[in-house]
Structures are given as structure tokens and as C-alpha cells.
Amino acid sequence: MTKYKSLSERREEQEDNAIERPASPSLNTLWERRIARRSLLKGAAGLGLMAGAGTGLTGLAGCDQKPDAPNFTFNFPEIAHGVDTTHHVATDHSADVLIRWGDALKPGLPAFDPHALDAQSQLGRFGYNNDYIGFVPLPYGSGASNHGLLCVNHEYTNDELMFPGLPSGDDNVAAALSEAQVKTCMAAHGNSIVEVQRDGKGNWSVVTDSPFNRRISTLETPIRLSGPAAGHPRLATSADPEARTVTGTLNNCAGGITPWGTYLTCEENINYYFDGEANSASEAENYQRMGIPAEHPYPWHRYVPRFDIGQEPNEPNRFGWVVEIDPLDPAQMPVKRTALGRFKHEGCENTPTNDGRLALYMGDDQRFEYAYKFVTADKFDTKNREANRTLLDHGTLYVARFEEDGSGRWLPLIHGQNGLDATNGFLSQADVLIEARRASDILGATPLDRTEDVQPNPLTRKVYFSLTNNSRRTKANLNGPDPRPANIWGQIMELTPGLDDHGSDHFTWDLLVLCGNPKNPATGASWNKNITENGWFACPDNLAADAKGRLWVATDQGEDWARTTGTADGIWGLETQGPGRGTGHMLFRVPVGAEMCGPCFTPDGTTFFVAVQHPASDGTEEFSGFERKSTFEDPATRWPDFKPDMPPRPSVLAIRRKDGGAVGG
Ligand code: FEO
Ligand code: CA
Ligand code: CA
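First, a word on scope: everything that follows refers to the structure included in this document. Because the structure is a prediction, the values reported are computed rather than measured.

Turning our eyes to something else, we now look at the environment of Y287. Along the polypeptide, Y287 turns up in helix α7 (residues 284-290). Put simply, Y287 and I309 are 22 residues apart on the chain and 9.8 Å apart in space, counted from C-alpha to C-alpha. In contact with Y287, other than residues within four places in its own chain, are A278, S280, I292, I309, P313 and P316.

Written out as C-alpha cells, the structure is:
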């Protein structure tokens, strides 16, 4: 029996570990060249971490300078850093709970009772740990901002906060979980499609009897495999010898909405779910590169044999993909788009190329992993949705390589080219996609500080990368986009496509901010010199862009929040242009133990949907006055209901400006 750890601890640990990989000559050579180049730049610029991009960090200044200018384009009273049992929003905005874990998605269900929860009941209700939020206006193409479909990921479950009566102590929780509880957890994973509407007073509500409302779950939803790896023997199992249909999707983190109104949901830390004795020598390197089996996995394999790699060695190859769901067609079978590669997908946001194709930007969130882009072979058509049905099956997957001079290239992951051939064990494009990480090693991609969301900014045409943190980065392996050792604060990188075209395989890059407390020189933080008292943050994660070209940053400090900033996660607006570039402004913060997720604007910018994930979970041992791990019976907060018989519930909120204007001003 493996030692049980809390779900958040497991997640932190998985993301904290870097997967060891063979030191290919190309990789070593690249490192040496980069380090040498950095030394040169450091001498020239006098400040190593600002040297990365020549033009880099323009407008940023030393962190001890006092603010001497107003807050530029933001127009709301900033809230203050802090941590307590509830959420906070700027005083001229409201933040209303729209839907919570367990809320009904169809009519006639009894009120949510966590004591009576089972898998069947959970399948008709909003799932756990909402992360990504997408909004598809209704009707399609209308651009409506008062009516639409919310597309929400349910990334994982906090078992210890979901079920009453579990024994105390993390070691005992996994051992105590029953088959019924494990299947309830499987039903709480996946996605929800939820019709929502705003009334004349501006208040949002769920349309409970909507025909669009839908749960996609790990427990039972059939998902079609498509693209170059579909039908490949490495994806075949005893239940699906043709390798065409997978049951469910796992650990869906961030995502995206396509121009034709489909929802892309990304499978991230899939290794948590697999255990057992590996008996497939041919998959050993693949397992190792993805961390399978996980050191502290969920106990699902005890009751569901497909999660035992000894019994189903290929089941892990059926997860780690981007899934396309049509929220406008409740009968549609979701599709795993294998052309976009298999790794620990964080998000998948898109923007058009100059010739009308689609570029999709993606991160692989683990220390020293990579950033990717997929460019479709064909143009998309927003007028004829059917024309896009196989668009994501054909195109080129690229991985990013960053140079010290501020340039970079997208390297194509194409079978038969640049060593991606039989000499390295790649017999087909399917092999390249199944092992996209190992293929990227061979091409000499740049290992980054955990790429979370990657967000194109339609107004500025730049792309923003949340590099959330990397405590394992050392002085020996610094590089331009990752300039700080023991980086627990993260940074935001800005990419400018070559020739102002997202179809280009060239780009330049810059660092927008180096996160952390600017008053603490030990952080090495770098912000606009006019950063305000509460305008800084750490550990950027999910991103959104607004109509003014500003970025909105949701943070996730994980278990270490008390040591990273000492305050809760939240959402900050961040200026990307003009004299305010690199200035943050704090709009919202979460209750203790939660992570900030979402966020998503309606087309008119007057509603900002945000997701509060795992309240009462992370780092409650360091929450003053509580100082212990939360359990179902004894949580650090009972947000958002604050009823004595209701546990904390992950929830989606609608933030609005009280005067009806655009959120953030
Ligand atoms: Fe699920 Fe990388 O956050
Ligand atoms: Ca994330
Ligand atoms: Ca995003």
C-alpha cells in the first residue's frame, strides 16, 4: 500500500518533480551555448535577469521605487492582500455564486446532500474542482452576453472533503475509500455544459431544464479517438481492441473555445490515476517520461481494472490529449484530437493565422517541460460549423525553442525529420504524438518553469505564457525565459509571432513581469516601478485577455502559499501596453485553501466568470487559528454556504461591475 497524501499534496508533488530524461547531445550542447550566451549578456546589461531579450523588460525598474503615477487604465478600488475564510471583490463590483459542486443540472433532483451522494446522483450534478471556464453565446454566432453555455472543467476531487466518515489522517483515506466512493469521484471528474442567463437586473442563473445541460465524466462518457494516433495498437485495450473509443477524460485543467464554438478541454496530470506493476517493456520509457505509475496515485485501480497498468498497459496512452466537445450538440460524442500531441496539457487557447488557419497554443505543466503550438493545415469556417469537424486532425504540432538573444523557433514534431525516426524508436507519426515529450527532447526544445495557461491577446496580437514557478531551477540551468534559480514565484513571458503572423515558425520573446513581492529584494521580482501595494502577485496560472488588451491573471500558489506570498490566491488585472505595462491591480481573492481558476469574460466584458477550486484544501496547516488539515467534518472554511452540515464547495462566480460597465473599468 502506498502512503496516502492529500490530493493537493499529490498534485504539488507531481508538478514539483522534474522527469529525468536522457541527456541527448543536442540538449547538452544547447544548454552550454545558452549559459555562455547568458554570461555575455549579463556583462553587457549589468543585470543578468533583464538580459534575456535585448529589448526585454522595457518599462520595468528596480522594485524599491515608490509609485508615482495613477493606476493607468484600471478603474476600480484595489482590494488588499490577505487570507480569511471567504472571498473578496473590489467594492464597486459584486461577485455572486452561480453554481456549486453538487448543484443540479436537470430538473426534479432533490437538493444536494453530500451524505446521500452516489455516482448516479453526481452524474446529474455539477462536478468537483472547477478549473477552466468557457462561454459560448446563445444563439450560436449572436455574440450575446446575457445568455450562453458555460463550459467548465472538473479537474480532480478532494476525497477527504467530499465524503463524511473517512478516518482521520491522510494515510488512511485512500485505504478507506469504498468502490462506491471511487465511482462517485469518477463521476465528479470531467466537464459540465451549463446553460446560463442574465435577467433584466443583471443577475445570472442556471437554466436547470436546459436541453444543453450535460455532464461528461470519467465514469461513463464514450469519447472518440481521432487523428494520427487513433486506431494505433499502442492505444488498444481489452475493452477497445480497435483503439477508437475511450471511456472518459481525466484531470481536465484549462482549455479553450474555438471560433466555431466548440470547447477544448485538456488532460493534465493523468499519471495520478494509474497504479500497478508495469509489465510492458516496450512502454517503459513512455511511462517514465509521463511519471506512470504515480508515486501516490488515487486508489481507483483497486476497483477499476483499466487503471491497473499491469492489466491494461495501454490505458495510459489513451489519456493526456486535448478533447473537443460541441456544447451546442448534447448528443455529440466528444473527440480526443491526437494530432495535438500527448503530454500534461494545461490549456489550449487559439488565434487565427494571417491566411485564415488556426494556431492553438498549449503548455505542458511540469517542471522543465515545454510549450507547444499546433497550426491547422486548413482554414476554419465560422459560418459552416460542419466544415470544421476534422480541422484539428490535420496540421503541424510544434515545440518551442527560445534563444538567449530574444528570438525563438517553433520546431515541427514530424515523423521522419530531425531524428524523429526509427533510430530513436519513432516508427510513425502516432509514436511521435504519443511520446511528444521525448520527441521534443530530441529536437532541443527549451525546458521551462512549468507552462500553465498560454493566452493569445487578440488586440495586441502577442501571446502570454504563465510560467508559474520552478523551485528546482538552479543557477546551472538558467535560461532566458527562466532567469531565476529556486523560482517559487513564476513569471509571465510575452511572445511576438514572426512577421506578425501566428502561422510563422519564428518569434521573439520578452518577459512581462517577474513575479513576487517587489519589496523583498530576495525574490528578484521585477514589475513596473509604479506597482501598487497590492498590485503584485505570484504563481500566475489561468489567463484571460480583455477588450483593452489587458491581461487578467489567476494565481495558484498551491500548498506553499504561506511561504510564497503569505496571502491567498486571486485575480489581478495586468497592463501589457503603455506606461503602465507591468502594473497589476487586484480585483478578487479566494477563501483559504482555494486556488483561483477560470477566468472568462462575456463578449461585452460586463461579466467575468471566475472559478474557485478546492476551498479549505491547500496549506491550511499554516492558516492562523486553524493550523491543521481540513476534513469533511472539520474544514478550514465552509465557503460558500457556511452551513454547519455542508462542506466547502468548489464554485463558479459571476463578477459584475455595480454600474453595469465593463469589469475592471
Ligand atoms: Fe491543473 Fe497546471 O494546473
Ligand atoms: Ca492550472
Ligand atoms: Ca485562458
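Moving on, there is more to tell.
Our focus in this paragraph is the nonpolar core. Formed by 70 residues in total, the largest nonpolar core has its most connected members in Y273, W300, M362, Y372 and L413. Apart from the residues lying within four places of it in its own chain, the contact partners of W300 are V182, C185, M186, H189, T218, L250, Y273 and F307. V553, I571, W572 and L574 belong to the second largest nonpolar core, which has 43 residues in total.

Here we have 5 strands laid out as an open sheet, ordered β2-β30-β29-β28-β27, and antiparallel in their pairing. Two strands close off the open sheet at either side, each with one partner strand: β2 (88-89) and β27 (540-545). Relative to strand β30 (residues 584-589), β2 is paired through 2 bridges, and the arrangement is antiparallel. Among the inter-strand pairings, H88 is bridged to a residue of β30, identified as R589.

Among all residues except glycine, the phi angle is most often negative; among peptide bonds, the trans geometry is most common. In this structure, P139 follows L138 across a cis peptide bond, with omega equal to -10 degrees. Relative to the assigned elements, P139 resides in the loop between β4 (130-137) and β5 (147-154). Cis geometry marks the peptide bond from W639 to P640, where omega comes out at 0 degrees. Checked against the element boundaries, P640 lands in the loop between β32 (607-613) and β33 (651-657).

This part is about the coordination of the calcium ion (ligand 3). Bound to the calcium ion (ligand 3) on the protein side are E349 (OE), D453 (OD), Q455 (OE1) and L543 (O), at distances that span 2.2 to 2.4 Å. For the calcium ion (ligand 3), all donor residues lie on one chain, and their spacing in sequence is E-x103-D-x1-Q-x87-L. Of the two residues, E349 is situated in strand β15 (residues 349-352) and Q455 in strand β22 (residues 451-457); the sequence distance between them amounts to 106 residues. A relative accessible area of 8% means that Q455 is categorised as buried.

Let us now look at the coordination of the calcium ion (ligand 2). The protein atoms that coordinate the calcium ion (ligand 2) are E346 (OE), E452 (OE), D541 (OD) and D541 (OD), at distances of 2.3 to 2.7 Å. In the primary sequence, the donor residues of the calcium ion (ligand 2) line up as E-x105-E-x88-D. Here the residue E346 occupies a position in the loop between β14 (335-337) and β15, and D541 occupies one in strand β27, the gap between them amounting to 195 residues. Residue E346 is classed as buried on the basis of its relative accessible area of 0%.

Okay, helix α9 (residues 436-443) next. Most of α9 sits inside the fold, with 8 of its 8 residues counted as buried. Those residues of α9 that fall on the buried side of the exposure criterion are A436, R437, R438, A439, S440, D441, I442 and L443. After α9 finishes, the residue G444 shows a positive phi value of roughly 85 degrees.

What follows is about the packing of aromatic side chains. Counted by the stated rule, this structure contains 30 aromatic pairs. Consider the rings of W101 and F112, whose centres lie 4.8 Å apart with planes at 70 degrees: the pair is edge-to-face. Of the two residues, W101 is situated in the loop between β3 (93-100) and α3 (119-123) and F112 in the loop between β3 and α3; the sequence distance between them amounts to 11 residues. When the centroid spacing of 4.7 Å and the interplanar angle of 55 degrees are considered together, the rings of Y273 and W300 count as tilted. Of this pair, Y273 sits in the loop between β12 (263-267) and α7 while W300 sits in the loop between α7 and β13 (322-325), and the two are 27 residues apart along the sequence. By the burial criterion, Y273 is buried, and W300 matches it. Each member of the aromatic cluster is reached from another via a ring pair, and the members are Y272, Y273, F274, Y298, W300, F307 and F319. One cation-aromatic arrangement involves R628 over F626; the distance from NZ or CZ to the ring centre is 4.0 Å.

Criteria and cut-off values
- Counting of residues starts from 1 at the beginning of each chain's written sequence and follows it residue by residue.
- By the order in which they are written, chains take letters starting at A while ligands take numbers starting at 1.
- Only residues with pLDDT of at least 70 are given local features in this predicted model, and only at 80 or more are side-chain atom pairs given and counted; all residues enter the totals for whole chains, interfaces and linings.
- The side-chain quantities take in all heavy atoms of the structure and omit both hydrogens and water.
- A run of H or I in DSSP counts as a helix once it spans at least four residues, and a run of E counts as a strand once it spans at least two, with each numbered from the N terminus.
- Throughout, a residue-residue contact means that at least one pair of heavy atoms, one from each residue, lies within 4.5 Å.
- In plain words, nonpolar cores are sets of buried Ala, Val, Leu, Ile, Met, Phe, Trp, Tyr and Cys residues tied together by side-chain atoms within 4.5 Å.
- To sort residues, take the accessible area from a 1.4 Å probe on protein chains only and compare it with the maximum for the residue type: under 20% means buried, over 50% means exposed, and anything in between is partly exposed.
- In this description, strands pair whenever DSSP reports at least two bridges between them.
- Only nitrogen, oxygen and sulfur atoms count as donors, using a 2.8 Å cut-off from the metal that widens to 3.2 Å for Na, K and Ca. Water is left out, so coordination shells may look unfilled.
- Pairing of aromatic rings covers Phe, Tyr and Trp, the last counted by its six-membered ring, and requires centre-to-centre distances within 6.5 Å; plane angles under 30 degrees mean stacked, over 60 mean edge-to-face, and any other angle means tilted.
- Two limits define a charge over a ring: the Lys NZ or Arg CZ must be within 6 Å of the ring centre, and within 35 degrees of the ring normal.

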